[in-house]
Amino acid sequence: MPQQTPGIHHVTAIASDPNRTHEFYTETLGLRLVKRSVNQDDTSVYHLFYADHEGTPGTSMTFFPYSDAQPGRVGTGQVSTVSFLVPAESLEYWRDRLADAGAEPGEPTERFGDPVLPFTDPDGLPLELVARPDAPPANLPESPVPTAHAIRGFFGVTLSLTGVDPTTDLLREMGYRETNRNENCRRYETDGDLGYVIDVREEPQAPRGLPGAGTVHHVAYRIQREDQDDWRQFLIDRGLRPTEVIDRKWFESIYVREYAGVLFEFATKSPGYTVDEPLESLGEKLVLPEWLEDRRESIETGLPPLESTGGSK
């Protein structure tokens, strides 16, 4: 058995407008653009990474912004909500900030004792802020959001499924344990300090999700580099069909669709986002893995301008 995962590494979603996405995640949510690259499977599209100052695993929300993307449909067989962690007593600040930005936050609610503020990004991607007194310190020194209220990273994600088994069995074997449940939601937690929660909603009558702008493409879990082969065999032994280990330059990954169709990735912490850029200038230039460098001119020509540079101002 591989070592259990401490939680989420990153979440990747589909967007429609790179500049609108960039403005919202840096100027409104206060995250830093830590990597400006391309989708390695479709180099005509950016891959933009927003995270804390260092791009710490557990903080990185990433996007494939297709300029011609049609709206998707959030539904079953998907990550249906992405939840960010903020300190206790921060939701009133965030409700005002999001309203001022035109994000139209919903009414604060509570789930399993945690205050929750729902909202959506410009493409309609369902997001939440979860306020917890045990939120770790902020690492966004240049954020427009005051440190006292800054996003710390992920709290977790919600999986919407027509039936929860055997996905919940897989989560338990990955290191998650059930900590709470209500009529249609079960909460699973692991032992990390960021991205450690998976809520699983059973929605047998809900429509199937359709990919497109405003939907999550995949959720990635943190694993150790030395455990990659064990994780791959673990997935094969459970009747799944994982990819080979794929080098993504900043981490190495294994992809698999779990039983309900949600795309899971298992990504390593190393080598990290500073392997090809200095910390102080992360995200300021288009960076490509070395196997794409000979195509740089054509790749750059095919990308729309990204108006803002670097992290939040």
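Throughout this description, residue numbers start from 1 for each chain and increase along the sequence as written. Local features in a predicted model are, by the rule used here, given only for residues with pLDDT of at least 70; side-chain atom pairs are given and counted only at 80 or more, and totals for whole chains, interfaces and linings are based on all residues. In computing side-chain values, all of the structure's heavy atoms are included and hydrogens and water are not.

Colleague: Which residues make up the side chain of threonine 168, and what values go with them?
Modeller: The numbering of helices and of strands both runs from the N terminus, where a helix is a DSSP run of H or I of at least 4 residues and a strand a run of E of at least 2. For threonine 168, the position within the fold is in helix α3 (residues 167-174). We call two residues contacting when some pair of their heavy atoms lies within 4.5 Å. When residues no more than four places from it in sequence are discounted, the contact partners of threonine 168 are Arg186, Tyr188 and Val200.

Colleague: Give me helix α2 (residues 91-100): which residues, what numbers.
Modeller: Regarding α2, the residues found buried are Leu91, Trp94, Arg97 and Leu98. Buried residues of α2, seen end-on, are gathered within an arc of 120° and therefore sit on one face of the element. Exposed positions of α2 whose direction lies more than 90 degrees from the buried face are Glu92 and Asp100. Of the residues trailing α2, glycine 102 is marked for its positive phi of about 80°. Accessible area is worked out with a 1.4 Å probe on protein chains only. A residue is then buried under 20% of its type maximum, exposed over 50%, and partly exposed in between. Read the arc as the range of directions from the helix axis to the C-beta atoms.

Colleague: A description of the packing of aromatic side chains should follow, citing residues and the corresponding values.
Modeller: Only centres within 6.5 Å qualify two rings of Phe, Tyr or Trp (six-membered ring in Trp) as a pair; their planes then separate them into stacked at under 30 degrees, edge-to-face at over 60, and tilted for everything else. All chains considered together, the criterion is met by 15 aromatic pairs. Consider the rings of phenylalanine 49 and tryptophan 250, whose centres lie 5.6 Å apart with planes at 75°: the pair is edge-to-face. With phenylalanine 49 in strand β3 (residues 42-51) and tryptophan 250 in the loop between β14 (246-247) and β15 (252-257), this residue pair connects regions lying 201 residues apart in the sequence. Residue classification places phenylalanine 49 among the buried residues on the basis of a relative accessible area of 0%. With a relative accessible area of 2%, tryptophan 250 lands in the buried category. Feature note: the residues Tyr176, Tyr221, Trp231, Phe234, Phe264 and Phe266 constitute an aromatic cluster, connected by ring pairs.

Colleague: So what's going on with the confidence of the model for the chain? Which residues, and what values?
Modeller: pLDDT is defined as a per-residue confidence score from the predictor, taking values between 0 and 100. Confidence in the prediction for the chain averages 96 pLDDT; 98% of positions are at 70 or higher. Predicted confidence for residues 309-313 stays below pLDDT 50, and this span has 20 contacts to residues more than four positions away or in other chains.

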